[in-house]
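Architecture and fold: a report
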6 protein chains.
Amino acid sequence: MTDISVAGDLLLKTTTLQLDNVVAELRDVRTTALLNRQGNLNPPQLPSRKVLAGIIDGLRTALYPNRLGPSDLAVEGVDHYVGHTLNSSLRALLVQIQHELYFNSGTEELNHETYAQAAEITQAFARRLPAIRRILDEDVLAAYQGDPAARGIDEVLVCYPGVAAVTWHRLAHELYQLGTPLIARMISEIAHSQTGIEIHPGAQIGKSFFIDHGTGVVIGETTVIGNNVRLYQAVTLGAKSFQVDEHGSLVKGIARHPIVEDDVVIYAGATILGRITIGRGSTIGGNVWLTRSVPPGSRITQAQTHND
Amino acid sequence: MTDISVAGDLLLKTTTLQLDNVVAELRDVRTTALLNRQGNLNPPQLPSRKVLAGIIDGLRTALYPNRLGPSDLAVEGVDHYVGHTLNSSLRALLVQIQHELYFNSGTEELNHETYAQAAEITQAFARRLPAIRRILDEDVLAAYQGDPAARGIDEVLVCYPGVAAVTWHRLAHELYQLGTPLIARMISEIAHSQTGIEIHPGAQIGKSFFIDHGTGVVIGETTVIGNNVRLYQAVTLGAKSFQVDEHGSLVKGIARHPIVEDDVVIYAGATILGRITIGRGSTIGGNVWLTRSVPPGSRITQAQTHND
Amino acid sequence: MTDISVAGDLLLKTTTLQLDNVVAELRDVRTTALLNRQGNLNPPQLPSRKVLAGIIDGLRTALYPNRLGPSDLAVEGVDHYVGHTLNSSLRALLVQIQHELYFNSGTEELNHETYAQAAEITQAFARRLPAIRRILDEDVLAAYQGDPAARGIDEVLVCYPGVAAVTWHRLAHELYQLGTPLIARMISEIAHSQTGIEIHPGAQIGKSFFIDHGTGVVIGETTVIGNNVRLYQAVTLGAKSFQVDEHGSLVKGIARHPIVEDDVVIYAGATILGRITIGRGSTIGGNVWLTRSVPPGSRITQAQTHND
Amino acid sequence: MTDISVAGDLLLKTTTLQLDNVVAELRDVRTTALLNRQGNLNPPQLPSRKVLAGIIDGLRTALYPNRLGPSDLAVEGVDHYVGHTLNSSLRALLVQIQHELYFNSGTEELNHETYAQAAEITQAFARRLPAIRRILDEDVLAAYQGDPAARGIDEVLVCYPGVAAVTWHRLAHELYQLGTPLIARMISEIAHSQTGIEIHPGAQIGKSFFIDHGTGVVIGETTVIGNNVRLYQAVTLGAKSFQVDEHGSLVKGIARHPIVEDDVVIYAGATILGRITIGRGSTIGGNVWLTRSVPPGSRITQAQTHND
Amino acid sequence: MTDISVAGDLLLKTTTLQLDNVVAELRDVRTTALLNRQGNLNPPQLPSRKVLAGIIDGLRTALYPNRLGPSDLAVEGVDHYVGHTLNSSLRALLVQIQHELYFNSGTEELNHETYAQAAEITQAFARRLPAIRRILDEDVLAAYQGDPAARGIDEVLVCYPGVAAVTWHRLAHELYQLGTPLIARMISEIAHSQTGIEIHPGAQIGKSFFIDHGTGVVIGETTVIGNNVRLYQAVTLGAKSFQVDEHGSLVKGIARHPIVEDDVVIYAGATILGRITIGRGSTIGGNVWLTRSVPPGSRITQAQTHND
Amino acid sequence: MTDISVAGDLLLKTTTLQLDNVVAELRDVRTTALLNRQGNLNPPQLPSRKVLAGIIDGLRTALYPNRLGPSDLAVEGVDHYVGHTLNSSLRALLVQIQHELYFNSGTEELNHETYAQAAEITQAFARRLPAIRRILDEDVLAAYQGDPAARGIDEVLVCYPGVAAVTWHRLAHELYQLGTPLIARMISEIAHSQTGIEIHPGAQIGKSFFIDHGTGVVIGETTVIGNNVRLYQAVTLGAKSFQVDEHGSLVKGIARHPIVEDDVVIYAGATILGRITIGRGSTIGGNVWLTRSVPPGSRITQAQTHND
């Protein structure tokens, strides 16, 4: 037997995989796709999901430096930490916003207005951060008050995926409203991957919002949610059917998701579809399938199960 | 056109985002929140989720060094690897336990008893590790025997999210019982994020437990599960309603989740709520909504679907 | 008060956790398990999940270098980037394939045929990559056309978890067919962890496949899916019951999951179990529980919910 | 031939190196040494060279943020960057200072005074930083003015090893004077490793000091250097002989290195030994060996070389 | 005793270092220096030493992929590796060159010509790489032939600091000639730090050049070295004295270093100063101090040492 | 002005550097060199300098775990740390040794004997580690006793470059003697780069050896050094001239460096060349140039310098 790793390495290094053909074929597929889609071989750059993940982490620690920041952060140094983190995160965001504006413009001719627009969006976003922190504090309090298993405010802040998803959403929604929907969507999908909760950045959500457990929640683009609403895992606030135009293409941008008024509770697995309204103070039971509006104060439950 | 990256960098460096105001406003929100919540500006440090993630990874590789440890681990070196990994992981855990004990005590005056308590918890936890490994071996075997797609024990151990979630749970539950519920919860949420399976660390789970597929499973704090139980994806073992006290606040800590006896199978999407008992050997069908106890040997299924 | 970190460090360093016993007990459990399972203390190495994650990331960027590759990739350098990435990813894959072949063989005696087989599998896999890219382009187009919230092809490619899961699946399925089911399963579970979508690598999936939202989707090993099929979140294509042989052991490898024909849409939460056929062009409503075949053109919906 | 890497890996994993004996023997040597040197097996921790290297890098970038800090540092964010960097670097330094004070005390009983002393040293050091920056600016100017190859102030600051070594020295010397000679020495040796220039942190050095090229320069502990002094590579300012006490041990701490007055230039390779004085304005030629004082304005050169 | 690390951490976090004053004072020093030196507070960015170090590492591996590249580089993949490495290294270099051109221009108004100039320099540099590899092969051969301790060509290439320093020099010299002297100097100082050998990038060096041992070698900016020259450690080829203009400032850019003709050997510690010529085939002995030209074929040695 | 970074990035991505020609030319140079030197295009792999640096760091921390190991190393865990570190470091070394043996063999046909030889060398090296630790303890003591600036044993161990260089040398020398001179040389050059001290791994060095300051020291391959020898910076123990054979090639492997007997001190900058003997107890003065043997007890000094 002559089985030794050096010889194995050698064998591996000299085995040919005939990749030149694969590279050439991949080039053919790629260039064909590029030419079909964009008419040239030089595609504009997209915002980077990885960079955005770092930016959002930075913003979260700037919002909650004592709880989510570095463990050795000294009391005396908090403001410098927040200032430094905002500076680097927001300037990185400005560059990503430029990428999106440029990508959307479909032109290679950039001008000063585009840069100025990206800077204005970033500044407007920065100015909103204190208000976002305030509303997040209310969300955290709502989570604490709504879950008997919660032992304290801080546990809720650092543990609950529902709170993390709402934090990302409130940042993403701001960017969505400021005119960068692609960046907003990327942030929303980063949150989706980590929490199992998908909230489209277009969704409008009121104060003191709480999602418990959360895995499988889907909240659609044109959803409107009032104050003091509570959702459980696997709730869908979705569209019922899609409008098509005369060519059979989907009509995009129409309000097609539910309106959930103040003080509604929706239990696990409920599916609520279409531009219907769940009246103020209603309770929707688990696994309910609902495609029509219900008046304020409704209590909707599922058909019974039974023994074989 | 004068579009060059150096000039762009320069523009970016000199664009002002007026962050000083944002930093000041964030300080106002933060200090107000701190004073309201804790009465001082010097909050105690929480255990770190990131550090705990590393500790748990270390413990898993110490439990299964050949399967989850480094690929170049030599047979001769396994014990040293296990010993070294336990040493560093458990000492890091001791520090995190101190943080939790101190955080819970609400005092800045620490004394030797607190340190001694943290050390005792760590030692007690360490002593439990061999028993945890034994029970995990039974879980893995149950997974292998319960899934026709499983090709081997090792595939189950390294691939199945249900097995990963149960491993984390058995470690977290031990810490929960030893008096560190916050650390336990953080570990549970790390597992939730990676597997989509949420098991509250307070849940009591018997031997040979298997969750197949797993995404969306929720198992509540006071759940009690017997031996040889099998769950599928999106099963909820939850609370039906929450008790409130005379001030309208939730009463925390009451037994409010199901008891699942030995040899029960619960299929995908079933929702079982409240302090009810699922009798030994029962089978609960997919998507079933169940809020009452069922006797041993029951077979519960959902109402039929039908054509339009 | 004499509370200083240096002294604390000292205390920590000198506290004994009595780990020698723990190490010894863990060795006992481990060696017993090894002897029971394999008959010797020298277990073969499994493929590494972490290494596979890196390989798959490499392959995805080689397939879509402009969209998923490094942000500074120059037009002139794309082919070199693709070639270099394929070279290192595929050679790393070859080593992992060797591990699986060796692990499966249950022997310590390796021979040249095994290496040659691993190299052939890798070469065959490499040759399939351009075709995989072509079919993925169709999947991306189907997603764009099927979701009114999608603003563009590129947003779909970089944001949608359904697209990511299908990409991983098409790579994993190829490896499954080429004889490395364990590696294929590991890749599938990496995708499951990141997207909440579980597709067994054995599943056969036609062209223009789209999973929207996706969290909680489970697609079983022997599932067969036609062209132009669309699934929503939490859909299960599962097995109804498992066959046992005369010894009470599960019979593995039997076709036990649904056949979904062309142009079928299955809405959120539907559970479809057993080797049944969903006829071409059918629509299965949300939360439906279905265990029998339905003819082409069927529209299946759930029983109604109702008010209390 | 059956030479494949998997089998090689296997061989490597199962080859025994009989390390248990080596571990045991190393333990014997180690514990014997510990008992001889310290009388117990629980040695106090030393300051960490690696941690100090990071601290010093932090301090250098805080002193010159535009030149040595991150390339994306915005004008608006410089103060926050400096504040954050000082906060984390100096707090890390405080911990290292505690280690040294504790190590020096030779006791396991720490008290508040030691902590307070470490904090005072750190604060005193912090207060000196602006003055250090001012004096470094003069050193940089001297380097620019003294080297015909220097194209600009910034080139000197970022390229010249002599400037780097003097920067480290001025920081190390401050710490030496404040009572932490071990930390100071470690910093000095980090600089030595990177620049080839060794300046003992005890050396007193005046304004506008410049070392050109620098490799091989040695400046001893009790050296005193005036203003406007320039040295070239491989200059030694050393001790001539060492005093021994009645037991034959070296007497430590005696002034034994040269005094170099203002406006002296010492060319490459000159060796100047003992507590002698080089008078103001003197020039010492290359490779000169000098062990006696010279008056102001001297010009010392080496004996001639000659042809064979 | 209440000495525990958590309390120590707390103490550390709450100790004030009064850094706000330090930050403010540092700002004063910094802004004064900036205004004095540049007239504005917005300094242009320098090329980055750290980025250049990565670029040069990339270029070295592209020149010698089998010897200095990654250990798993397959024969089939070498060209793709080289192409990819050149692409990313040279584009990063182009950006650094822009920084230098912009920095030198002293203007904030950039235009297309500057970018075009940076691109041209990069292209010209790229075209020179094959010739640089050829000349380096001759240097390596000269080292092998000149050192009895050398066991093989490859040992020389990967071990010898003299070879590393010459490699860096040949790259730096090219950039120096193409008009980026600051980048060239930074590269030269990176080599100096790692090898102890300082070669100013302006120095002109012929073929088959070898520096043995190398520590302390200094080769000045206007040095001219012929073919087949060999130097030993601590050799200085320096300037004798510096010309000053009527204002007392150094005149920069004058030829002031030696000319070393073909086939010269200079032994360790020799110091050769001024624009003198060492005639072809001469040998300069160790520690010699030489400030006058010597004719071809000279053998120069040091004065004798003697016993006390 | 339209100078924005996105446009700059775009420009950079689309600028062509015409690298295909460069890649092709580099291939030509490379393949010509390979064919000339080795006769085939498939060069064997060299040991890796980077991997060796990691191995040596591991071994140093295994020798001195309390001083050079991780700062959180607990007393209880030292043996496990040492065992684990030795296991991984020495197995990595075994692989590197295989590379060297294979490289030296000049054959692609490996057999079991080569593996066995690599394993034996590794085992022999491992067995020597306790003795190396013992002799290093004596070196450290010698350094402490020989330098008036040394405050303690531990300062010497962690600060002094001379001690670091001797540690590396004693490990490298062992490997040199065991038959892996290339690995030994690489280790020696890693030490050279970090300390400025070059000790050829072939040099034989007795007990209680101390190099003070160290930069520029060169100790040649066939040097023999007795016990209690002390060197200062820039000392050369070199060869005087090289023997050539009848073809004009250097004769390699002949004893050509000095023998330094016990209790010798050699001061800074002394150059001692050729196979001469420095008799026991001699003192060689600074900058001395010595090419003949001196009897025991000699005191050699340099010629005097003088004033102009």
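All residue numbers here refer to positions counted from 1 along the written sequence of the relevant chain. Note on labels: chains are lettered from A, ligands numbered from 1, in written order. Predicted model: local features are reported for residues with pLDDT of at least 70 only, side-chain atom pairs are reported and counted for 80 or more only, and whole-chain, interface and lining totals are derived from all residues. For the side-chain quantities, the full set of heavy atoms in the structure was used; hydrogens and water were omitted.

Let's shift gears to the relation of the copies chain E and chain F. After a rotation of 120° and a shift along the axis of 0.0 Å, chain E superposes on chain F with an RMSD of 0.0 Å. Here the copies are linked by what is in effect a three-fold axis. Contact between two residues is taken to exist if any of their heavy atoms lie within 4.5 Å; hydrogens are not considered. Each copy contacts the other with its own distinct surface, as only 6% of the interface residues of chain E are interface residues in chain F too. What sets the superposition is a least-squares fit of C-alpha atoms, and only residues with pLDDT of at least 70 in both copies go into it.

As a further point, take the interface of chain E and chain F. Taken together, the 62 residues of chain E in the interface contact 61 residues of chain F. Accessible surface is computed with a 1.4 Å probe, and the buried area is the amount of it that two parts give up when combined, taken over both parts together. Together chain E and chain F conceal approximately 5,300 Å² of surface at their shared face, both sides included; 56% is due to carbon and sulfur atoms. Between Lys or Arg on one side and Asp or Glu on the other, a salt bridge is scored when a side-chain nitrogen of the former is within 4 Å of a carboxyl oxygen of the latter. Taken together, the links from chain E to chain F amount to four salt bridges. We call two N or O atoms a polar contact when they sit within 3.5 Å, provided that within protein one can donate a hydrogen and the other can accept it, with sequence-adjacent residues counted only if both atoms are side-chain atoms. The interface formed by chain E and chain F includes 17 residue pairs in polar contact (both at pLDDT 80 or more). Elements with a minimum of two residues in the side of chain E that touches chain F: α3 (49-63), α4 (65-68), α5 (78-105), α6 (112-146), α7 (153-159), α9 (181-195) and β15 (306-307) of chain E. Looking at the side of chain E that touches chain F, the element that brings in the most residues is α6 of chain E, giving 15 residues. The residue classification treats Ala, Val, Leu, Ile, Met, Phe, Trp, Tyr, Cys and Pro as nonpolar and Asp, Glu, Lys and Arg as charged. All others, Gly included, are polar. Grouping the amino acids of the side of chain E that touches chain F by side-chain chemistry returns 26 nonpolar, 22 polar and 14 charged. Secondary structure is summarised from DSSP: a helix means a run of H or I of at least four residues, a strand means a run of E of at least two, and numbering begins at the N terminus for each.

The next subject is the domain arrangement of chain A. Residue and element names in this part refer to chain A. Examined at the domain level, chain A breaks down into domain 1 (33-197) and domain 2 (216-308). Domains are outlined according to an automatic or database domain assignment. Relative placement of domain 1 and domain 2: their C-alpha centres are 27 Å apart. Regarding the contact of domain 1 and domain 2, the summed buried area is about 300 Å², with carbon and sulfur atoms giving 43% of it. The interface formed by domain 1 and domain 2 includes zero salt bridges. Inspection of the region where domain 1 meets domain 2 yields two residue pairs in polar contact (both at pLDDT 80 or more). Looking at the side of domain 1 that touches domain 2 residue by residue, the class counts come to two nonpolar, two polar and no charged.

Once that is clear, we can look at the environment of V75 of chain D. Counting through the fold element by element, V75 of chain D comes out in the loop between α4 (65-68) and α5 (78-105). The exposure class of V75 of chain D is partly exposed, given its relative accessible area of 37%. A C-alpha to C-alpha distance of 36 Å links V75 of chain D and E198 of chain D, two positions 123 residues apart in sequence. Not counting the four nearest positions on each side in its chain, V75 of chain D is found in contact with K13 and T14 of chain B together with L41 and N42 of chain E. In this scheme, a residue with accessible area under 20% of its type's maximum is buried, one over 50% is exposed, and one in between is partly exposed, where area comes from a 1.4 Å probe on protein chains only.

All right, on to the sheet that holds strand β13 (residues 289-290) of chain F then. Pairing between strands requires that DSSP locate at least two bridges from one strand to the other. Taken in spatial order, the five strands line up as β1-β4-β7-β10-β13 (chain F) in an open sheet, and their pairing is parallel. Each end of this open sheet is capped by a strand with a single partner; those strands are β1 (198-199) and β13 of chain F.

Below, the discussion takes up the relation of the copies chain B and chain A. Overlay of chain B on chain A (RMSD 0.0 Å): rotation 120°, translation along the axis 0.0 Å. Taken together, the interface assignments show that only 7% of the residues at the interface of chain B recur at the interface of chain A, consistent with different surfaces on the two copies.

On the secondary structure map, R185 of chain B appears in helix α9 (residues 181-195). Residue contacts for R185 of chain B: discarding those within four places in its chain leaves A149, E155, C159 and Y160 of chain A together with E198, H200 and P201 of chain B.

Positioned with a positive phi, H213 of chain E is a non-glycine residue whose angle comes to about 65°. By the secondary structure assignment, H213 of chain E is in the loop between β3 (210-211) and β4 (218-219).

The next subject is the sheet that holds strand β10 (residues 271-273) of chain C. Taken in spatial order, the five strands line up as β1-β4-β7-β10-β13 (chain C) in an open sheet, and their pairing is parallel. Edge positions in the sheet fall to β1 (198-199) and β13 (289-290) of chain C, since each of these pairs with one other strand and no more.

Residues and elements named next belong to chain E. Think of each axis as a best-fit line through the C-alpha atoms, taken over the contacting stretch in the case of a helix, with angles from 0 to 180 degrees between the N-to-C directions. Interhelical geometry of helix α8 (residues 161-177) versus α9 gives an angle of 175° and a closest axis separation of 8 Å. The orientation of α8 with respect to α9, classified from their angle, is roughly antiparallel. In this structure, α8 contributes P161, A164, A165, W168, A172, L175 and Y176 to the contact, and α9 contributes P181, I183, A184, I187, A191, Q194 and T195. In terms of residue class, the contact of α8 with α9 is built from twelve nonpolar, two polar and no charged. Orientation is classified from the angle alone, with under 35 degrees giving roughly parallel, over 145 giving roughly antiparallel, 65 to 115 giving roughly perpendicular, and any other angle giving oblique.

This paragraph deals with the interface of chain B and chain A. Counting residues at the interface gives 61 residues for chain B, matched by 62 residues for chain A. Both faces considered, chain B and chain A share a buried interface measuring about 5,300 Å² in area, 56% of it formed by carbon and sulfur atoms. For R30 of chain B, the salt bridge identified is with D79 of chain A, shortest N-O distance 3.0 Å. At the surface where chain B touches chain A, the tally comes to 17 residue pairs in polar contact (both at pLDDT 80 or more). Those elements giving two or more residues to the side of chain B that touches chain A turn out to be α1 (5-14), α2 (19-38), α9 and β14 (299-301) of chain B. Residue classes in the side of chain B that touches chain A are distributed as 28 nonpolar, 19 polar and 14 charged.

One confidence number per residue, pLDDT, is output by the predictor and ranges from 0 to 100. In this model, chain A carries an average pLDDT of 89, and 93% of its residues clear a pLDDT of 70 or more. Per the prediction output, this complex has pTM 0.93; the corresponding ipTM is 0.92.

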